Amino acid sequence: MQKPSLLTQKVTRRALLKVGSGLGVGSLLPLSGLSASTLRTQAHIVVLGGGAAGMAMVNRLAKRLQGGTITLVEPRETHHYQPGWTLVASGVWNADKTMRPNAQFLPRGVNWVREHAASIDADNKRITLAGGETLEYDFLIVATGIQLNYHLIEGMKPELVGQHGIGSVYAGIEEASRTNQAIQTWLQNGHGRGIFTAAPTPVKCAGAPLKMTFTTLSRLEASGRRDAFDVDYMAPGASLFSQPWVDEFVKQRFDDQGVNRRHHYRLSAIDPHAKQAEFAFVGPESEFTSHHQLRQAEFRRDDQPTVIADYDFIHVVPPMSAHDFVKQSALIAQDGPFRGEWLDVDIHTLQHNRYPEVFGIGDVIGAPINKTAASVKAQAPVVEENLLALMQGNALPARHMGYTSCPMITGIGKAMLVEFGYADNFAFMPSFPFIDPTEESWAVWVMKDRMLQPAYYAVLEGQA
Amino acid sequence: MSIGGILTILMYALAPFVWLLIMGLIIIIGLHLLAYLRGYQITHHRSRPANLLALLIGLTAILWVPWLTHSALGFVATAVDWIALIGAAAATFVIALIILHPLSYLISLKHEELPKQ
Ligand SMILES: Cc1cc2nc3c(=O)[nH]c(=O)nc-3n(C[C@H](O)[C@H](O)[C@H](O)COP(=O)(O)OP(=O)(O)OC[C@H]3O[C@@H](n4cnc5c(N)ncnc54)[C@H](O)[C@@H]3O)c2cc1C
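Residues numbered from 1 in each chain as written. Chains lettered and ligands numbered in written order. Predicted model: local features only at pLDDT ≥ 70, side-chain atom pairs only at ≥ 80, totals over all residues. Heavy atoms only, no water.

Within an unreviewed UniProt entry, the label attached to chain A reads NAD(P)/FAD-dependent oxidoreductase, and the organism entered is Vreelandella andesensis.

Chemist: So what's going on with the sheet that holds strand 17 (residues 259–263) of chain A? Residues and values would help.
Modeler: Residues and elements named next belong to chain A. Sheet architecture is open: five strands sit in the order 14-21-15-16-17, paired in parallel fashion. Two strands bound the open sheet, and with one partner strand each, they are strand 14 (166–167) and strand 17. Direction of pairing for strand 15 (residues 192–197) relative to strand 21 (residues 313–315): parallel, over a ladder of three bridges. Across the sheet, F196 pairs through a bridge with H315, a residue of strand 21. Against the sheet, helix 5 (residues 173–189) makes contact with strand 14, strand 15, strand 16 (229–235) and strand 21, and its axis sits at roughly 150 degrees relative to strand 21, the strand it touches most. Sitting on the sheet, helix 7 (residues 244–256) touches strand 16 and strand 17, and the angle it makes with strand 17 is about 135 degrees. (Pairing = 2+ DSSP bridges. Helix = DSSP H or I, 4+ residues; strand = E, 2+ residues; numbered from the N terminus. Contact = heavy atoms within 4.5 Å. Axes fitted to C-alpha atoms, helices over the stretch in contact; angles between N-to-C directions.)

Chemist: Which residues make up the layout of surface pockets, and what are the values?
Modeler: Reported here for the second largest pocket is a volume of approximately 1,400 Å³. Considering the residues around the second largest pocket, the lining is formed by 39 residues, among which R450 of chain A together with L14, F17, L20 and L68 of chain B are closest to the centre. Elements supplying a minimum of two residues to the lining of the second largest pocket: strand 7 (99–101) and helix 11 (442–460) of chain A together with helix 1 (3–14), helix 2 (18–37), helix 3 (48–68) and helix 4 (79–113) of chain B. Examining the composition of the lining of the second largest pocket, we find that nine residues originate from one element, helix 11 of chain A, more than from any other. Here the residues of the lining of the second largest pocket are counted per class, giving 31 nonpolar, four polar and four charged. (1 Å grid on protein atoms, 1.4 Å probe; cavity = no way out; pocket = protein on both sides within 12 Å on 5 of 7 lines; lining within 4 Å. Points joined across faces, edges and corners; volume = space filled by probe spheres on them. Nonpolar A, V, L, I, M, F, W, Y, C, P; charged D, E, K, R; others polar.)

Chemist: If you had to explain the site of the ligand to someone new, which residues and values would you point to?
Modeler: Residue and element names in this part refer to chain A. Lining the immediate surroundings of the ligand are 35 residues, of which A53, E74, A117, D363 and A374 lie closest. At 3.5 Å from an oxygen atom of the ligand is found a main-chain nitrogen or oxygen belonging to T144. Taking A373, its main chain carries an N or O atom lying 2.9 Å from an oxygen atom of the ligand. For the ligand, the protein covers 95% of the area, taking 1,000 Å² as the surface of the free molecule. Counting residues per element, the ones that place at least two in the shell around the ligand are helix 3 (52–64), helix 4 (85–89), helix 9 (373–391) and strand 24 (404–411). Looking at side-chain class alone, the shell around the ligand contains 16 nonpolar, 12 polar and seven charged residues. (Near = heavy atom within 4 Å. Polar contact = N/O pair within 3.5 Å; in protein donor to acceptor, adjacent residues only side chain to side chain. Areas by Shrake-Rupley, 256 points an atom, 1.4 Å probe, with all protein chains shown as cover.)

Chemist: Break down unusual backbone geometry for me, citing the residues and quoting the values.
Modeler: Residues and elements named next belong to chain A. With a phi angle near 70 degrees, L350 is a residue other than glycine that sits in the positive phi range. Locating L350 in the fold gives a position in the loop between helix 8 (324–327) and strand 23 (358–360). One non-glycine residue, D424, lies in the positive phi region at around 50 degrees. As for its placement among the helices and strands, D424 is situated in helix 10 (residues 423–426).

Chemist: Talk me through the pattern of salt bridges; I want residue IDs and the actual numbers.
Modeler: Residues and elements named next belong to chain A. Scanning the entire structure with this criterion turns up 16 salt bridges over all chains. Across the salt bridge formed by R60 and E384, the nearest N and O atoms sit 2.6 Å from each other. Remark: E384 occurs in helix 9 and R60 occurs in helix 3; sequence separation between them is 324 residues. Between E385 and R64 there is a salt bridge, with the nearest N and O atoms lying 2.9 Å from each other. You can see E385 sitting in helix 9 and its partner R64 sitting in helix 3, a full 321 residues away along the chain. (Salt bridge = Lys/Arg side-chain N within 4 Å of Asp/Glu carboxyl O.)

Chemist: Explain the confidence of the model for chain B to me, using residue names and the numbers behind them.
Modeler: Residues and elements named next belong to chain B. The pLDDT averaged across chain B works out to 92; a share of 97% of its residues lies at or above 70. Within chain B, the lowest mean pLDDT, 88, falls on helix 1, and the highest, 96, falls on helix 3. Reported for the predicted complex are a pTM of 0.92 and an ipTM of 0.90. (pLDDT = per-residue confidence, 0-100.)

Chemist: Tell me about the confidence of the model for chain A, and please be specific about residues and values.
Modeler: The predicted coordinates of low-pLDDT regions are not to be read in fine detail. Residues and elements named next belong to chain A. The predicted model of chain A has a mean per-residue pLDDT of 90, with 88% of residues at 70 or higher. For residues 1–9, every residue scores under 50 in pLDDT, and the model assigns this stretch 25 contacts once sequence neighbours within four places are set aside. Taken together, the stretch residues 20–35 has pLDDT below 50 and engages in 24 contacts with residues farther than four places along the chain or on a different chain.

Chemist: Can you explain the interface of chain B and chain A? Please cite residues and give values.
Modeler: Taken together, the 24 residues of chain B in the interface contact 26 residues of chain A. Buried area between chain B and chain A, summed over both chains or domains, comes out near 2,100 Å², and the portion from carbon and sulfur atoms is 67%. Sorting the residues of chain B by area buried against chain A places Y12, H70 and F75 of chain B first, and these three jointly supply 32% of that buried surface. On inspection of chain B and its partner chain A, the count reaches zero salt bridges. On the surface where chain B and chain A come into contact, there are 11 residue pairs in polar contact (both at pLDDT 80 or more). The greatest single-element share of the side of chain B that touches chain A, amounting to seven residues, is contributed by helix 1 of chain B. For the side of chain B that touches chain A, a count of residues per class yields 15 nonpolar, eight polar and one charged. (Buried area = accessible area lost by both parts, 1.4 Å probe.)

Chemist: Requested: an account of the sheet that holds strand 11 (residues 134–136) of chain A, with residues and values cited.
Modeler: Residue and element names in this part refer to chain A. Spatially, three strands are ordered 9-10-11 in an open sheet, and the strand pairing comes out antiparallel. Looking at strand neighbours, the two that pair on one side only are strand 9 (117–121) and strand 11, the edges of this open sheet. The sheet shows a mean angle of 20 degrees between the axes of neighbouring strands, direction not considered. Relative to strand 11, strand 10 (residues 126–129) runs antiparallel, the two sharing three bridges.

Chemist: Could you give an account of the packing of helix 3 of chain A against helix 9 of chain A, with specific residues and numbers?
Modeler: Residues and elements named next belong to chain A. Between helix 3 and helix 9, whose axes approach to 10 Å, the crossing angle comes to 40 degrees. On the basis of their axis angle, the class for helix 3 and helix 9 is oblique. In this structure, helix 3 crosses over helix 9, and the sense of that crossing is right-handed. When helix 3 is examined against helix 9, the residues A52, A53, A56, M57, R60, L61 and R64 are found in contact with a partner set consisting of V376, A380, P381, V383, E384, E385, L387 and L388. Residue classes in the contact of helix 3 with helix 9 are distributed as 11 nonpolar, no polar and four charged. (Parallel < 35°, antiparallel > 145°, perpendicular 65-115°, else oblique. Left-handed = near helix turned anticlockwise from the far one by under 90°.)

Chemist: Lay out the packing of helix 11 of chain A against helix 1 of chain B with the relevant residues and their values.
Modeler: Two elements in contact, helix 11 of chain A and helix 1 of chain B, have axes whose closest approach is 8 Å; the angle formed by their N-to-C orientations is 130 degrees. By the criterion of interaxial angle, the relationship of helix 11 of chain A to helix 1 of chain B is oblique. At the point where helix 11 of chain A passes helix 1 of chain B, the crossing takes the right-handed sense. Counting all contacts with helix 11 of chain A, which are made through M451, P454, A455, Y457 and A458 of chain A, the residues of helix 1 of chain B involved are G5, T8, I9, Y12 and A13 of chain B. Its residues assigned to classes, the contact of helix 11 of chain A with helix 1 of chain B comprises eight nonpolar, two polar and no charged.

Chemist: Describe the side chain of S168 of chain A, and please don't skip the residues or the numbers.
Modeler: Residue and element names in this part refer to chain A. Positionally, S168 belongs in the loop between strand 14 and helix 5. Overall, S168 belongs to the buried group, its relative accessible area being 0%. Only 2.6 Å separates the side chain of S168 from the side chain of Y150, close enough to count as a polar contact. With residues near it in sequence (within four places) discarded, S168 still touches Y150, V161, E175, A176, T179, H315, V316 and P318. (Buried < 20%, exposed > 50% of the residue type's maximum accessible area, 1.4 Å probe, protein only.)

The structure is reproduced here in structure tokens:
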């Protein structure tokens, strides 16, 4: 829904005046035949986080704005291509392939603050940095991604990945490599039990835990000793994936490939030395999809029966949420399914529901699906158009339809191009009419292996 | 997507193979130049072995192209897969022919130049 009332009434006169001063001199200057027009402004736009979403936004805004100040707050020097981590953890890619200096993507004229943001004072439009300095903004884009809450699994910490048979593709690139080694060690043992887990919260790339299971199955089958290995998949709810057709497909495929599916279990504790995992039975009503509603505050263990399982390898998927400093700000959702955990935005305009000068993009937002780089590609032009409209006091013209995509790797060497959106219970939204999202394909695998990383970098540069 | 976007994607996709492309181009241009200086004409020279070898290399591409992409022929399943793979094999055949055709001419010259015993 568009919100003309919110945007013009609540955005301060100061911010609009800053834009207005330029509008008199012919504000919308044509840039080129390929690109939209530019806007003169004196506004200060702060982008928090320079991952896929934040970097795409600074590049887009740098092209569209003249005269304003764009500040990117991003502590990391290195940009990580996270979709490649699954391939690293599956032994297909080298880790080096996923890293590039952030400086390579930063457009000229953007101030890069190499620090963590520590707090957001949304009422006073002020960011406090970890070093204590403050940044005032006229417009804010929150793109800080996801916090991995390993601490919610008793006994688990990311440093354990690679030891005691523990893997976790999410923890980082080092850990993705160590996950590969842990799987390799398990394979070399020639037998044993592998447990693959999922989280009871929304996670980034909800397909990644499934992909890790499928690629490991490929490796087990290639070892020629598949029967010597037991593979369990422990899911917190009844579903394995939010898109219903894919959910059914994966369940069937797991059954065919001898994976023991157990539903309504969440990993609650781990004893690395004993190689034992504790699972809490979260109840038959629990429903896991990527819009699952379990919040940190609701992680109870007292009244839930638990089971202990021995493992030789375990793939841990941590519960996830927005970062603590976002959760402690007024920007966090106050009610509804995302309350206390995710940024409160309109899922179509990506404007904050209560602070109109704030937009959210990427993994941090509260949305039923969408924690993928593919979603960032679809969201970035929406935020760009809507922010520029807002700066001129116009109604927000662009809407995000929930597009998300996951090349669902169903084995090393094949994949399905699963693309879907909010509408019609996450109906497919295929980009290429000639690629059937329900078919496993070598060409889609080649896309994942060779083409998606270049396309991702084009998104970062604001080109796609 | 803009033309700039397509070019950016191509640039990133080809970046790891730039040295290979440059080396390949140098070899092709070098061979053609050398053969041309010795009277080679692309339309006049006929070489059955060069054609057959290029065809063989093109056909074997059906086996090793999936392997190069960390996959296997067994996973080539959909119509799009087969069109892509046949396209890759055809491209391999053409490249092989572009190299082998002038090469066969140079080799045939060499044989003619050998002193008869
Ligand atoms: C294993 C794995 C596999 C994936 N596979 C796919 C896939 O196949 N397809 C797909 O489309 N997507 C995939 N994704 C998801 C994709 O990587 C993310 O959705 C995407 O990176 C989201 O972009 P973002 O900018 O919101 O978050 P990120 O890219 O994570 O960036 C967040 C940035 O915020 C910065 N930040 C954090 N805290 C602060 C702070 N306090 N102050 C300032 N900056 C801060 C971080 O340093 C980081 O650079 C995968 C992810 C993982 C982990």
